[in-house]
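# Secondary and tertiary structure notes
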Amino acid sequence: MDQPEKNPTIDKVNRGLKRRYRAERRFRILGATAILTALCFLFLLFFSIVSSGYKAFEKTFIQIEVFFDPAEFTNENLAAANFPGLIKASMNSMFPEVTSRKDKKDLYYLISPGASFQLMKQVKNNPALIGQKELIWVAANDDVDMLLKGNIDRTRPESERRISDKQLGWLDTLAHDGKIKKTFNTAFFTSGDSREPELAGIWGATCGSFYTLLITLSLSFPIGVAAAVYLEEFAPKNRWTDIIEVNINNLAAVPSIVYGLLGLAVFINFFGMPRSTPLVGGLVLTLMTLPIIIIASRASLKSVPPSIREAALGIGASKMQMVAHHVLPLALPGMLTGTIIGMAHALGETAPLLMVGMVAFIVDIPHGFTDPATVLPVQIYLWADSPERAFVAKTSAAIMVLLAFLFLMNAAAVLLRKRFEIKW
Amino acid sequence: MSGKEEILSEVTTKALHKERETVGSPFVENPRMTCREVNVYYGDKKAINNVNIDIARNEVIAMIGPSGCGKSTFLRCLNRMNDTIEGCRVTGDLRLDGMDIHDKNVDVVPLRARVGMVFQKPNPFPKSIFDNVAYGPKIHGLAQNKAELDEIVERSLKKAGLWDEVKDRLTQPGTGLSGGQQQRLCIARAIAVSPEVILMDEPCSALDPIATARIEELIAELRQHYSIVIVTHSMQQAARVSQRTAYFHLGDLIEVGMTDRVFTNPRHQLTEDYITGRFG
Ligand SMILES: Nc1ncnc2c1ncn2[C@@H]1O[C@H](COP(=O)(O)OP(=O)(O)OP(=O)(O)O)[C@@H](O)[C@H]1O
Ligand SMILES: [Mg+2]
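Residues numbered from 1 in each chain as written. Chains lettered and ligands numbered in written order. Predicted model: local features only at pLDDT ≥ 70, side-chain atom pairs only at ≥ 80, totals over all residues. Heavy atoms only, no water.

For the rest of this paragraph, the subject is the overall build of chain B. Counting secondary structure elements, chain B contains 11 helices and 11 strands. Projected onto its principal axes, the C-alpha coordinates of chain B cover approximately 55 × 45 × 40 Å. Classification of the 280 residues of chain B by burial places 56% in the buried group. Counting contacts in chain B only where the partners sit at least 6 residues apart, residues at least 24 apart contribute 66% of the total. As displayed, chain B offers around 12000 Å² of accessible surface, 49% of which is attributable to carbon and sulfur atoms. Side chains of chain B carry 35 positive and 37 negative charges; the gap between the two charge centres is 3 Å. (Helix = DSSP H or I, 4+ residues; strand = E, 2+ residues; numbered from the N terminus. Buried < 20%, exposed > 50% of the residue type's maximum accessible area, 1.4 Å probe, protein only. Contact = heavy atoms within 4.5 Å. Areas by Shrake-Rupley, 256 points an atom, 1.4 Å probe, with all protein chains shown as cover. Lys, Arg positive; Asp, Glu negative; His and termini not counted. Charge placed at Lys NZ, Arg CZ, Asp CG, Glu CD.)

Turning next to the packing of helix 8 (residues 203–234) of chain A against helix 13 (residues 319–348) of chain A. Residue and element names in this part refer to chain A. Taken N-terminus to C-terminus, the directions of helix 8 and helix 13 make an angle of 140°; their axes are 9 Å apart at the nearest point. With respect to their mutual orientation, helix 8 and helix 13 come out oblique. When you trace helix 8 past helix 13, the crossing you get is right-handed. Across the contact of helix 8 with helix 13, the residue classes tally to 17 nonpolar, four polar and two charged. (Axes fitted to C-alpha atoms, helices over the stretch in contact; angles between N-to-C directions. Parallel < 35°, antiparallel > 145°, perpendicular 65-115°, else oblique. Left-handed = near helix turned anticlockwise from the far one by under 90°. Nonpolar A, V, L, I, M, F, W, Y, C, P; charged D, E, K, R; others polar.)

Take the sheet that holds strand 11 (residues 252–258) of chain B next. Residues and elements named next belong to chain B. Ordered in space as 1-11-10-4-9-8-7, the seven strands form an open sheet in which the pairing is mixed. Looking at which strands have only one partner, the edges of the open sheet turn out to be strand 1 (23–24) and strand 7 (115–118). Note that strand 7 and strand 8 (residues 197–201) share four bridges and pair parallel. Looking at the pairing, Val118 lines up with Met200 of strand 8. (Pairing = 2+ DSSP bridges.)

Residues and elements named next belong to chain B. Around ligand 1, the structure places 13 residues, and the nearest of them are Ser67, Lys71, Ser72, Thr73 and His233. In the environment of ligand 1, an oxygen atom lies 2.5 Å from a nitrogen or oxygen atom belonging to the side chain of Ser67. Side-chain polar atom of Glu202 to an oxygen atom of ligand 1: 3.3 Å apart, as the coordinates give it. In the complex, the protein chains occlude 63% of the 630 Å² of accessible area that ligand 1 would expose alone. (Near = heavy atom within 4 Å. Polar contact = N/O pair within 3.5 Å; in protein donor to acceptor, adjacent residues only side chain to side chain.)

What follows deals with the domain arrangement of chain A. Each domain of chain A was delimited in the assignment, giving domain 1 (59–183) and domain 2 (203–420). Here the C-alpha centre of domain 2 of chain A lies 46 Å away from the C-alpha centre of domain 1 of chain A. (Domains from an automatic or database assignment.)

Residues and elements named next belong to chain A. Under the criterion given, the structure shown has three cavities of 30 Å³ or more. In this structure, the largest cavity occupies an estimated 70 Å³ of space. As for the largest cavity, its lining consists of 13 residues, and the residues nearest its centre are Asp145, Lys149, Asn185, Pro197 and Lys394. For the lining of the largest cavity, the secondary-structure elements that each account for two or more residues are strand 1 (58–67), helix 5 (142–148) and helix 16 (390–420). Looking at the lining of the largest cavity element by element, the count peaks at three residues for helix 16. Taken together, the residues of the lining of the largest cavity sort by class into five nonpolar, one polar and seven charged. (1 Å grid on protein atoms, 1.4 Å probe; cavity = no way out; pocket = protein on both sides within 12 Å on 5 of 7 lines; lining within 4 Å. Points joined across faces, edges and corners; volume = space filled by probe spheres on them.)

All names here are of chain A. Under the criterion given, the structure shown has 14 aromatic pairs over all chains. For the pair Phe57 and Phe188, a centre-to-centre distance of 6.0 Å together with 75° between the ring planes defines the contact as edge-to-face. Residue Phe57 is found in the loop between helix 1 (8–53) and strand 1, and its partner Phe188 is found in helix 7 (residues 186–190); the two are separated by 131 residues along the sequence. Phe188 sits in the buried class, given a relative accessible area of 0%. (Phe/Tyr/Trp six-rings, centres within 6.5 Å; stacked < 30°, edge-to-face > 60°.)

With that settled, the discussion passes to the packing of helix 15 (residues 376–384) of chain A against helix 16 of chain A. Residues and elements named next belong to chain A. Their axes nearest at 9 Å, the elements helix 15 and helix 16 cross at an angle of 165°. When the axes of helix 15 and helix 16 are compared, the pair comes out roughly antiparallel. Here helix 15 and helix 16 pass one another in a crossing that is left-handed. Contacts between helix 15 and helix 16 involve Leu376, Pro377, Ile380, Trp383 and Ala384 from the first element and Phe391, Lys394, Thr395, Ala398, Ile399, Val401, Leu402 and Phe405 from the second. Counted by class, the contact of helix 15 with helix 16 contains 11 nonpolar, one polar and one charged residues.

When the parts come together, some accessible area is lost, and that loss is often what is quoted as the size of the interface. Of the residues lining the interface, 19 residues belong to chain A; the matching set on chain B comes to 24 residues. Between chain A and chain B, roughly 1800 Å² of surface is buried when both sides are summed, and carbon and sulfur atoms account for 64% of that area. Across the contact surface, chain A and chain B share one salt bridge. As a salt-bridge pair, Glu310 of chain A and Arg76 of chain B come within 3.0 Å of each other at their nearest N and O atoms. (Buried area = accessible area lost by both parts, 1.4 Å probe. Salt bridge = Lys/Arg side-chain N within 4 Å of Asp/Glu carboxyl O.)

Most often, soluble globular proteins keep nonpolar side chains buried together rather than apart. Membership of the largest hydrophobic core comes to 58 residues, with the highest contact counts inside it found for Val38, Ile53, Phe74, Leu78, Leu199, Val229 and Phe248 of chain B. With seven residues, the top contributor of residues to this core is helix 13 of chain A. Apart from residues lying up to four places away in sequence, Phe248 of chain B is in contact with Ile48, Val51, Met63, Ile64, Gly65, Pro66, Cys69, Lys71, Phe74, Leu253 and Ile254 of chain B. Formed by 43 residues, the second largest nonpolar core is a distinct cluster that contains Val60, Val118, Leu149 and Tyr274 of chain B. (Core = buried A, V, L, I, M, F, W, Y, C linked by side-chain atoms within 4.5 Å.)

Below, the discussion takes up the pattern of salt bridges. Residue and element names in this part refer to chain A. In this structure the tally under the stated criterion is 32 salt bridges over all chains. In this structure, Arg162 and Asp143 form a salt bridge, with 3.1 Å as the shortest nitrogen-oxygen distance. Highlighted residues: Arg162 in the loop between helix 5 and helix 6 (165–176) and Asp143 in helix 5, separated in sequence by 19 residues.

This part takes up a nonpolar patch on the surface. Residues and elements named next belong to chain A. Taken together, the side chains of Ile35, Leu36, Leu39, Leu42 and Leu45 define a hydrophobic patch exposed on the protein surface, amounting to about 490 Å² of accessible area. With respect to the helices, strands and loops of the structure, Leu36 is situated in helix 1. Residue Leu36 is classed as exposed on the basis of its relative accessible area, which comes to 57%. (Patch = residues over 30% accessible without salt bridge, like charges linked within 9 Å, V, L, I, M, F, W, Y side chains within 5 Å.)

Attention shifts here to the environment of Phe405 of chain A. Topologically, Phe405 of chain A is positioned in helix 16. Residues Phe405 of chain A and Pro70 of chain A lie 335 residues apart in sequence; the distance between their C-alpha atoms is 46 Å.

Quick look at a positive patch on the surface now. Where like charges cluster on the molecular surface, the positive patch consists of Lys18, Arg19, Arg20, Arg22, Arg25 and Arg26 of chain A. Within the fold, Arg20 of chain A resides in helix 1.

What follows concerns the side chain of Asp103 of chain A. Residues and elements named next belong to chain A. Among the secondary structure elements, Asp103 is positioned in helix 3 (residues 101–109). Classification of Asp103 by relative accessible area gives buried; the value is 15%. With residues up to four places along the chain from it excluded, the contact list for Asp103 reads Val98, Lys166 and Trp170.

Residues and elements named next belong to chain A. Taken residue by residue, helix 4 (residues 115–125) has Ala115, Ser116, Leu119, Met120 and Val123 as its buried positions. Buried residues in helix 4, looked at end-on, bunch into an arc of 145°, giving them a common side. Turned more than 90 degrees off the buried face of helix 4, the exposed positions are Phe117, Lys121, Lys124 and Asn125. Where helix 4 is buried, its residues touch strand 1, helix 2 (83–94) and strand 2 (133–139). (Arc of directions from axis to C-beta.)

Below, the structure written as structure tokens:
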């Protein structure tokens, strides 16, 4: 039997094989490590946010007994009625032994200053309460809240904590009588900002963000897509379009605060639009996201195979029909991806909004595009800057709300993309 | 041949190189399309050099020649698809039924409805089979109602020999068909708008012999109503389907004549080299 002839190439291939596989293994390990590291950091981030923020979702209430005296409380002059007095009277009746002025002040301190508004609202909504004796849960002061959540250390000397020994005693009595409870903090999700941590809520900023992003989306998506389609499909390729292309790429890299200054100068000073409003904020963010959307849209238009364009033109579709019927549907998923990246940027943007006054302290929930408002990241910034201990948890909770907002937005985009995706 | 035709057929047009003059019979009587002194440039590069040819009514004319000689480029002049290529410039006089198609005022939309095109690579839209065929009639407003549209789609698919294979799956995506079926779908799409001329750029290059035979049968049938210009690399195919054959070489139109004559008795040395396999 004769020996089959040796193939010299296969020897060379075999020699190099080990090295090739080693390189592949190395790359795989590198990739896996990178992903693992990223996951670790992500986990750390979520852990730190959730662990410091979850407490803000609970709130402490104190039960008081109030009598809405028909002589004092009438439907007509509710606003002028003495609700704070009502609370004081209730506290006095619970702790008759407290007599000195200073002690009384300390006692009243346990109840949130917002409690009288709560009572007023309740009576307003339910006039039948007038003339009744009622047991009502009202919000406790933020220091009480902190104490019950373990953020104030009882064992430290009295001078080093914000709750005195006497107040501790009263609270213990209340707790013993079952007049203190912690429940889910609905107010956090329904009210606007406040100087009092126990009253401050995220809803105002959420609405602000919503209105601002609505303006941003409804302007930047159509304008961005139209600009991309024009540049990619209709514009002649010459020096001018090259210059425009370069400048769009430059704009995408401009620091966002510059857009804020531009917005301040153009929209507020020149056009006289109201400051601190979602309208102006949305316009500024539109300027900021437009380049991102245009660049992403152009890339996804470029990736539509030319054979589809030829097919459409070949049977006599006009250019507009070719774009609208064939190119756009294929490019839309990519455009949506670009848009969602731009919107996520816009959602997290703070600096340019500071320049147009959206950093103002705003208590009311905005109900439109021209109501003064703030947005979630600015609210986080404001709370992170506040001295009260209770705002620490609020800050983290607000970050969670911001992230939830982001997830919702992304989920909507994914759903939309699924809807428009065309199977080949 | 009558005397007049004789004269017409013996006309040789002036060309830059003496040895690259078009020989044979590029002109016919009562042509569908006429092309005179057509030059095409890609930027500074000349891809088609002074081509003169007529396309007759109800004929299949095959364009052959080595790769890169400009067959596709010339084909694309006939319905102005070259407009879509950046930097491509066409000069000369091209007429469809006497109408100058490269005139500035000519609208390419109706022109492309009259001169349809089938591309080398099947390119169905990523839509349903029905929508693929119905798209042309829809945008041109050829159907008054759904029933008419259904009828056009059915007729086109039948003509393209695809109806029996797809009649139960008209709503499925056209991209899910096999390569040969896709190409026939593209043909159905092109004939759905009832063009006068159909340009086919190597329609069978990706198909097996059975699908090829089907498309050749189809071409023979379509010839009853349309003029067909077909680019092909297969000389057997050219011999089977066409009445006339045009041979291109490096941008020049070398020889045009009746297909059997060109293949049995080429007059130009380059043509002979090509069809005998000495070149390309
Ligand atoms: N878009 C383009 N830009 C620049 N040059 C081009 C372009 N398309 C074709 N050409 C050139 O024009 C010449 C003719 O090309 P064309 O595609 O018409 O050849 P062809 O005869 O169809 O070849 P094949 O048989 O391989 O399809 C070639 O030299 C080619 O390089
Ligand atoms: Mg070609």
